[in-house]
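Okay, here's what each chain looks like letter by letter:
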Amino acid sequence: WTLLEPALLASIYYVLFIIIANYEDQSYPMLILLGVIGWGLFARILNSTVSTLVSNSGMIKQTGFPLEIYSAADCKTNLVISSISLLTIIPFMFYLDLAPTTNLWMLPVAMFMLYLSAWGIGMMVASANVVFPDVAHAFRFITRAGFFISPVMWTYELLIERAGSDSPYIDIALLNPVVVPLTMMKHAAQGTMPDFASHHIIYAAAFPIIAYVLGSIIFSATSRGVVKRL
């Protein structure tokens, strides 16, 4: 299913946008597929980390393992699964006659950015989810809504075209930490470089690091105290 699910999604996108809608950009289904894989990685890691203490309460009560190990195991599993899913873009690259370029370095970097951001944000609120179970429900809603406000079904270039490069909405949209990584994934497959402002690049590079460090500190300081409630 790691390969089959994205492959089926790719088939649906191809029929929907290329055959039925007669969309001119033949690469559009591949771009959507990359967006779905990247967003799926972010959403799964975020939701699993938020719920890590509650979902592993049985193991936590019976063992003395460091609490960080449970979220780390889930995060790394999801990273491996999403990385394998990327194999489904190879047929698209053959079909579109896209040869691999040196810009492919953006693919693992973008995946790591999504991985670290989601893990960090999840650790910030994992302890709160033990005390307030609605936190996990709120984040499941956030990830569903985030699918539509992130460049999964649309592209950063389309946003620039519609809003204008000088629009204040661009800066607001780029506050979303997944916009730059998802755009990098799409450009990596196409062999091109995205055109981001320097401050957007700095923000996108710093966010995963800050989120992870802050999340680790908060998790370490609060998790031991709340597990008594499990």
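Source: prediction; values computed, not measured. (Residues numbered from 1 in each chain as written. Predicted model: local features only at pLDDT ≥ 70, side-chain atom pairs only at ≥ 80, totals over all residues. Heavy atoms only, no water.)

Quick look at the overall build of the protein
Reasoning step 1: A tally of regular secondary structure across the protein gives 12 helices and zero strands.
Reasoning step 2: Going from the N terminus to the C terminus, the protein shows its helices and strands as α-α-α-α-α-α-α-α-α-α-α-α.
Reasoning step 3: Taking 2.2 N^0.38 as the reference for a compact globule, 230 residues should give roughly 17 Å; the C-alpha atoms of the protein span a radius of gyration of 19 Å, in line with that estimate.
Reasoning step 4: Principal-axis analysis of the C-alpha atoms gives the protein an extent of 60 × 40 × 30 Å.
Reasoning step 5: Out of the 230 residues belonging to the protein, those deemed buried represent 48%.
Reasoning step 6: Taking contacts inside the protein between residues at least 6 apart in sequence as the whole, the part at least 24 apart equals 81%.
Reasoning step 7: For the protein, the accessible area works out to roughly 11,800 Å², and carbon and sulfur atoms hold 69% of it.
Reasoning step 8: Looking at the protein, you have 10 positive and 12 negative side-chain charges, and the mean spots of the two groups are 22 Å apart. (Helix = DSSP H or I, 4+ residues; strand = E, 2+ residues; numbered from the N terminus. Rg over C-alpha atoms; globule rule 2.2 N^0.38 Å. Buried < 20%, exposed > 50% of the residue type's maximum accessible area, 1.4 Å probe, protein only. Contact = heavy atoms within 4.5 Å. Areas by Shrake-Rupley, 256 points an atom, 1.4 Å probe, with all protein chains shown as cover. Lys, Arg positive; Asp, Glu negative; His and termini not counted. Charge placed at Lys NZ, Arg CZ, Asp CG, Glu CD.)

So, the environment of L182
Reasoning step 1: Inspection of the secondary structure puts L182 in helix α11 (residues 179-190).
Reasoning step 2: Remark: the alpha-carbon pair of L182 and A197, spanning 15 residues in sequence, is separated by 16 Å.
Reasoning step 3: Beyond its immediate chain neighbours, meaning those up to four positions away, L182 contacts G35, G38, W39, L114, S150, P151 and V152.

Digging into the nonpolar core
Reasoning step 1: M30, F42, L53 and M185 are the most contacted members of the largest nonpolar core, which totals 66 residues.
Reasoning step 2: Apart from the residues within four sequence positions on either side, F42 is in contact with L114, S117, A118, I121 and V178. (Core = buried A, V, L, I, M, F, W, Y, C linked by side-chain atoms within 4.5 Å.)

With respect to the environment of A43
Reasoning step 1: Assignment of secondary structure puts A43 in helix α2 (residues 28-50).
Reasoning step 2: As for A43 and L3, which are separated by 40 residues in sequence, their C-alpha atoms are 18 Å apart.

Some words on the packing of helix α7 (residues 106-131) against α11
Reasoning step 1: Interhelical geometry of α7 versus α11 gives an angle of 160 degrees and a closest axis separation of 8 Å. Here α7 is positioned roughly antiparallel relative to α11, judged by the angle of their axes. In this structure, α7 meets α11 at a crossing whose hand is left-handed. Two secondary-structure elements touch here, α7 through M106, L107, V109, A110, M111, M113 and L114 and α11 through P181, L182, M184, M185, H187 and A188.
Reasoning step 2: Each residue belonging to the contact of α7 with α11 can be placed in one class, and the counts come to 12 nonpolar, one polar and no charged. (Axes fitted to C-alpha atoms, helices over the stretch in contact; angles between N-to-C directions. Parallel < 35°, antiparallel > 145°, perpendicular 65-115°, else oblique. Left-handed = near helix turned anticlockwise from the far one by under 90°. Nonpolar A, V, L, I, M, F, W, Y, C, P; charged D, E, K, R; others polar.)

Focus: the environment of F94
Reasoning step 1: Its location among the elements puts F94 in helix α6 (residues 90-95).
Reasoning step 2: With 87 residues separating them along the chain, F94 and A7 place their C-alpha atoms 15 Å apart.

Points about the packing of aromatic side chains
Reasoning step 1: Within this structure, the stated rule accounts for seven aromatic pairs.
Reasoning step 2: An angle of 55 degrees between the planes, with centres 5.3 Å apart, marks the rings of W119 and Y212 as tilted. With W119 in helix α7 and Y212 in helix α12 (residues 198-226), the pair connects residues that are 93 residues apart, well separated along the chain.
Reasoning step 3: Where F147 meets F148, the ring centres are 5.3 Å apart and the plane angle is 80 degrees; that geometry is what we call edge-to-face.
Reasoning step 4: Among the aromatic residues, those joined into a cluster by ring pairs are F112, Y115, W119 and Y212. (Phe/Tyr/Trp six-rings, centres within 6.5 Å; stacked < 30°, edge-to-face > 60°.)

Examining the side chain of H200
Reasoning step 1: Locating H200 in the fold gives a position in helix α12.
Reasoning step 2: A polar contact of 3.1 Å, which involves the side chain of H200, links it to the side chain of H199. (Polar contact = N/O pair within 3.5 Å; in protein donor to acceptor, adjacent residues only side chain to side chain.)

Things to note about the packing of α2 against α7
The description of two helices packed together rests on the angle between their axes and the distance between the axes.
Reasoning step 1: At a closest axis distance of 7 Å, the pairing of α2 and α7 adopts a crossing angle of 25 degrees. Considering the angle they form, α2 stands roughly parallel to α7. Considering how the two elements wind past one another, α2 and α7 form a crossing that is right-handed. For the pair α2 and α7, the contacting residues are G38, L41, F42, I45, L46, T49 and V50 in the first and M111, L114, Y115, S117, A118, W119, I121, G122, M123, V125, A126 and N129 in the second.

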